[in-house]
Amino acid sequence: MYTEKDLVRIAKRDNNRKRNYLVVNPFQGKHIPVSPGKAMEVFTELARQLLIYREERILVIGFAETATAIGARIAMEAGACYIQTTRENIPGAAYLVFSEQHSHAVEQRLVKDDLDSVMGGIDRIVFAEDEVTTGNTILNLITVLEQYYKREMKFAVASLLNGMPEEAVEEFTGRGIGLHYLVKTRHDRYPEIADRAAEDGIYHQEDVSEGEYTACFDIQGWMDTRRLTDMTRYGNACQRLSEETIKLLSLKGKEKILVLGTEECMFPGLYVGTRLEEMGHFVMFHATTRSPISVSGSPAYPLHERYALSSMYEKDRKIFVYDIGSYDAVVVVTDAQNSKQEGKRGEWSLLNALRKKNEKIYLVRWCKQ
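Criteria and cut-off values
- Residues numbered from 1 in each chain as written.
- Predicted model: local features only at pLDDT ≥ 70, side-chain atom pairs only at ≥ 80, totals over all residues.
- Heavy atoms only, no water.
- Phe/Tyr/Trp six-rings, centres within 6.5 Å; stacked < 30°, edge-to-face > 60°.
- Helix = DSSP H or I, 4+ residues; strand = E, 2+ residues; numbered from the N terminus.
- Buried < 20%, exposed > 50% of the residue type's maximum accessible area, 1.4 Å probe, protein only.
- Lys NZ or Arg CZ within 6 Å of the ring centre and 35° of its normal.
- Pairing = 2+ DSSP bridges.
- Axes fitted to C-alpha atoms, helices over the stretch in contact; angles between N-to-C directions.
- Contact = heavy atoms within 4.5 Å.

Caption draft 1: The packing of aromatic side chains, seen in detail. A full pass over the atoms with the stated rule returns 10 aromatic pairs. Judged by centre distance (6.2 Å) and plane angle (55°), the rings of Phe63 and Phe127 are tilted. Linking Phe63 in the loop between strand E3 (58-62) and helix H3 (68-78) with Phe127 in strand E7 (residues 124-132), this pair joins segments that are 64 residues apart in sequence. Its relative accessible area of 0% is what places Phe127 among the buried residues. Taking 6.2 Å as the distance between ring centres and 45° as the angle between the ring planes, the aromatic pair formed by Tyr234 and Trp366 counts as tilted. On the criterion of sequence distance, the pair formed by Tyr234 in helix H8 (residues 231-248) and Trp366 in strand E18 (residues 361-367) is long-range, its members being 132 residues apart. You'll find Tyr234 and Trp366 in the same group, each marked buried. Taken together, the aromatic side chains of Phe63, Phe98, Phe127 and Phe155 make up a single cluster linked through ring pairs. The residue whose ring lies beneath Arg275 is Tyr271, and the NZ or CZ to ring-centre distance is 4.2 Å.

Caption draft 2: Focus on the sheet that holds strand E10 (residues 202-204). One open sheet accounts for three strands, arranged E10-E15-E16; its pairing is mixed. Each edge of the sheet is formed by a strand with only one pairing partner; in this case those strands are E10 and strand E16 (318-322). The average angle at which neighbouring strand axes cross in this sheet is 25°, direction not considered. Against the sheet, helix H10 (residues 344-354) engages strand E15 (305-310) and E16, with an angle of about 160° to E15.

Here is the structure:
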């Protein structure tokens, strides 16, 4: 049983007029470093609530970027097929587009071609989120799905946190949309808490000067969850990725290791981190993000140090990573397929950020066959 104290930290959004606060979950594996095993444990606890649908054919949709790993784990546990929303450009794909009003990047997309191929055989769609605040984003997507497919569909929502007001809960319940979560939250105090935060943390500017990783590995077998994914095959692919990664790394004894995911690519690194943890290493996991968040010097505030980066996925995109610690080794796990061309600036900016506190830094690119 989890409580608000376990799963909620309030941070201040940087330059977002729509909502001044961000709920940061210390067990989610996004902004705050976490034991990968602990993150998996939390996601699995949420997945157990979906056992009531075990007789149904389920499609899980995970929301980018923060809930991609949550959705993958839920789908894996439920034996469901999976697809995540994305803000990336997928060559040749047609999309269903919907909006996420309070976000810094409002447009979300789903690959329509893949949904077309499976929708006729699906009984229920489960939306996986880290947090549901108003439910408007999910309703926006439901509207798009119902308008396009013109058939009756059953829906449910699985989120680590649910902060929906009573009237929104009643609307979902009235429409037969199941709500499953670990902790119910109230957001009344969150704007005030964010306003009180002193923005006096450490801010590192982007550094794209050229550099060399300790080693770079291209490991084949990538499966892209931005496309419809068979989770049995995906689990096997992640297992092969972890085995190959561990074989290539020069790790000794029970070392302290950071595994870092990149933007929407969270679950593969989380899986690798879990395997390293099972081998006896001390492992932490988190990921780069598009979210610009203020940092503070206060010990009570969740984030203290911010590093500005370039994206490995799109050369003009600015991203961030928070609170990099010191480790015996750092393993970056990415599915950025353009890393050898325009993604180089992203690779270098991340390397230079990590080098402020670390020497041994590996880059693992999960690539197509």
